[in-house]
Amino acid sequence: MRIDHHNLKALFQGYVASRKPPSRKKCPAPGVLIQAFEPAASTRVKKRIADHIAECSFCREEFMVLFGSRKSETKSSQVKNPAAPYIARLGTAGTRGPGRPAFWQYAFALLGLSLAVSSFLFLVHQKELSETRQPPGTGITLVYPRSGQALSVPFSFQWQGKLATEYYILELFDESLMPVWTSEKILDVQVLIPSDIASRLIPGRTYFWMVTSVSPNSPQQESKLSRFAILPPKIRSPD
Amino acid sequence: MEPPRRRNSEFGEILDAYAQYINLQVQHYDLPKYGLDPEDILQDVRIRLWKILSGERTIVSPASYIKKIVSSAVIDQLRRRRRENELFRHEKQKYILEQAVPYSGEAIRKKAAEEAVGKAVGRLIDSRRQVVKLYLLNLTLPEISGYLNWSLDKTRNLLYRGLADLKKSLRDLEDENENRSS
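The structure reproduced in this document is the subject of the present report. No experiment lies behind these values; they were computed from the predicted model shown.

## Re the overall build of chain A
A count of helical and extended segments in chain A gives seven helices and nine strands. Considering chain A as a whole, with its 239 residues, one finds that 19% of them fall into the buried category. Restricting the contact set of chain A to residue pairs at least 6 apart, pairs at least 24 apart contribute 56%.

## Points about the interface of chain B and chain A
Counting from both sides, the interface comprises 46 residues of chain B and, opposite them, 45 residues of chain A. Elements that contribute at least two residues to the side of chain B that touches chain A include exactly helix 1 (4-27), helix 3 (62-99), helix 4 (105-122), helix 5 (126-136), helix 6 (141-148) and helix 7 (152-181) of chain B. With ten residues, the top contributor of residues to the side of chain B that touches chain A is helix 3 of chain B. Among the residues making up the side of chain B that touches chain A, the classes are represented as 23 nonpolar, eleven polar and twelve charged.

## Looking at the nonpolar core
Formed by 54 residues in total, the largest nonpolar core has its most connected members in Val70 and Val121 of chain B. Of the residues forming this core, the biggest block, seven residues, is contributed by helix 3 of chain B. Not counting residues within four places of it along the chain, the set of residues in contact with Val70 of chain B comprises Ile22, Gln25, Val26, Ile41 and Val45 of chain B. Membership of the second largest hydrophobic core comes to eleven residues, among which are Phe173, Phe208, Met210 and Val211 of chain A.

## A word on the environment of Tyr147 of chain B
Secondary-structure assignment places Tyr147 of chain B in helix 6. For Tyr147 of chain B and Leu134 of chain B, which are 13 residues apart along the polypeptide, the C-alpha to C-alpha distance reads 9.7 Å. Once residues lying within four places of it in the same chain are set aside, the contact partners of Tyr147 of chain B are Lys46 of chain A together with Leu134 of chain B.

## Some points on unusual backbone geometry
Each neighbour pair has its own omega, and for Tyr144 of chain A with Pro145 of chain A the value is 0°, a cis peptide bond. Positionally, Pro145 of chain A belongs in the loop between strand 1 (141-144) and strand 2 (149-151). Cis geometry is adopted by the peptide bond preceding Pro154 of chain A, which originates at Val153 of chain A and carries an omega value of -5°. In this fold, Pro154 of chain A is placed in the loop between strand 2 and strand 3 (156-160). One non-glycine residue, Asn138 of chain B, lies in the positive phi region at around 80°. What makes Asn138 of chain B exposed here is the crowd of 11 C-beta atoms within 10 Å.

## Re the sheet that holds strand 3 of chain A
Residue and element names in this part refer to chain A. The sheet built from three strands is open, its strands ordered 1-3-6 with antiparallel pairing. Two strands bound the open sheet, and with one partner strand each, they are strand 1 and strand 6 (190-192). Looking at each pair of strands side by side, their axes are set apart by 20° on average, direction ignored. Where strand 1 lies against strand 3, three bridges are found, and the strand directions are antiparallel. In the strand pairing of strand 3, Tyr144 is matched with Gln158.

Cut-offs used in this document
Residues numbered from 1 in each chain as written. Chains lettered and ligands numbered in written order. Predicted model: local features only at pLDDT ≥ 70, side-chain atom pairs only at ≥ 80, totals over all residues. Helix = DSSP H or I, 4+ residues; strand = E, 2+ residues; numbered from the N terminus. Buried ≥ 20, exposed ≤ 12 C-beta atoms within 10 Å, placed from the backbone. Contact = placed C-beta atoms within 7 Å. Nonpolar A, V, L, I, M, F, W, Y, C, P; charged D, E, K, R; others polar. Core = buried A, V, L, I, M, F, W, Y, C linked by C-beta atoms within 7 Å. Pairing = 2+ DSSP bridges. Axes fitted to C-alpha atoms, helices over the stretch in contact; angles between N-to-C directions.

Put into structure tokens, the structure is as follows:
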């Protein structure tokens, strides 16, 4: 059997297409299926639906219909809501009754927006810290290339190791997570990218890398996936 | 209790104000692709709205409520259409089975491979399984991360690990089969 992504998708879709339950008693109600697309829906519900659609081609079709509409909606989210004047007349969230002053609507929207932005910045900052300040011994920290860094070839990968590691394996992937290179056993905490691999990296593209540590007496540990980009080659002056 | 005339005018007011919005919501579904008539959905949405208002219920947030009504009208229509097609499909299948030559070796191998992949995906550990399933059903990484409300990095990590587990499991199965046949 050819085990590439394309073939796996075709086989899995063939498997799902053949799954037709004799009755739909165990299928989620339309409301539950619709609910799963709400951002506030619990992960448990979302996962349950994802599991179910792989076992029921009927629900899979419905899931894809809903999914397609959400996608199309996102694309056209710039379209102005034609009902805006009516909503304004009804007041906040379209409740019946006298309209509230627009000032408060803007103030709340601004407050919400600033909270969202500060939470996002806080999370990004925390993520960077967790990637760079992980204490040695508790895991593998990728040091260079840093997450999101753009650099030119050749370069060395560097990481902070784990105590009692016998050797490391470094894996490099392209944007679609297809493997580009898997190293031999590395006894150090750095390795220079081989020239034949470096020559295959395309400037402007994003790549991902991760390190796995192998120890004789403990289970394998993997680092996070970290991404970097390749810069175009520098043009040297004629002299 | 509100007089029927007032409910009528409210119904008309909502339909007027949201007509374009309802049309837009219905258009998002690309219904002809699934053999559904947009006009049927629009009619269904109008009936549902009327039932809500005549049942003395208050629509708190009309826009999101209409969106839900459109979604459930589409799903209901899909299910109804499927039930109607069921009989036709059953007869057609009976005819095909009567005409069909016995399964070819290639078809049997393909079926076995599909079953093997389906079962191997089902055996993946919980957190990776759903990501892999959605990926194999042709959703992209950003789409999966959007649906599950997970960061792109987390989704990517789980997908990579899940696909690696899946490939290993299929290779092991292949080796097992080869050993058995040799």
